[in-house]
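The chain contents come next:
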Amino acid sequence: AFIYLPWFFYLEHKITMDYPGIHILNGTIDSYIPFLEIFIIPYLLWFVYIAASCIYMVLKADNKEFIRFALSLIIGMSVSMFICMIYPNGLTLRPDNIPDNIFGKLVTVLYATDTTTNVFQSVRHLKSTNILSMLHLYYVYLYACQQYS
């Protein structure tokens, strides 16, 4: 966290949409996907998923499994940040008008803090995949220990 967070915030402020050579990653199909502000709910639940998974591994995993879990996140996030440094990228998919309701207000707050740059390799996708994989491996490990002890 002491290396990753400053690195992440540096890239968020350094690589902006007017950064020279930035690659816009919008696909043709993206324009057909409607903006639905209610999808802020699963987006925010992702943060709960990440926090709950990390807390669970801190409390339940043995040292070896927790270190494997933490290293997968650290290495994955570092690779993602490195990719963003050598391949600056972004999206231009945000709508011009956001509905004035509770979900729209949450989206507005999110947009104020979350930039549209550094989206490939997605840290969110990477964390989700790593955590799901590590939790699965942890349960396989627990099952094997129970079967053979």
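That block above? That's the structure.
Below is a short write-up of the structure. Keep in mind it's a predicted model, so treat the numbers as computed, not measured.

## Points about the nonpolar core
Core analysis: the biggest nonpolar cluster contains 18 residues, and Met57, Phe69 and Ile131 have the highest contact counts within it. Contributions of two or more residues to this core are made by helix H1 (4-14), helix H2 (40-60), helix H3 (63-86) and helix H5 (123-147). Those residues in contact with Met57, other than ones at most four positions away along the chain, are Glu65, Phe66, Phe69, Leu135 and Tyr138.

## Remarks on the pattern of salt bridges
Within this structure, the stated rule accounts for three salt bridges. We note a salt bridge from Glu65 to Arg68, for which the minimum N-O separation is 3.7 Å. Taken as a pair, Glu65 and Arg68 lie in helix H3 at a separation of three residues, close to a single helical turn. Judged by relative accessible area, which is 38%, Arg68 ranks as partly exposed. Here Asp114 and Arg124 are joined by a salt bridge, their closest N and O atoms 3.0 Å apart. Of this pair, Asp114 sits in the loop between helix H4 (102-113) and H5 while Arg124 sits in helix H5; the two residues are 10 residues apart in sequence, bridging distant segments of the chain. A relative accessible area of 15% means that Asp114 is categorised as buried.

Reading guide: rules and limits
- Residues numbered from 1 in each chain as written.
- Predicted model: local features only at pLDDT ≥ 70, side-chain atom pairs only at ≥ 80, totals over all residues.
- Heavy atoms only, no water.
- Core = buried A, V, L, I, M, F, W, Y, C linked by side-chain atoms within 4.5 Å.
- Buried < 20%, exposed > 50% of the residue type's maximum accessible area, 1.4 Å probe, protein only.
- Helix = DSSP H or I, 4+ residues; strand = E, 2+ residues; numbered from the N terminus.
- Contact = heavy atoms within 4.5 Å.
- Salt bridge = Lys/Arg side-chain N within 4 Å of Asp/Glu carboxyl O.

Everything listed here is a matter of coordinates, which is why it stays silent on function.
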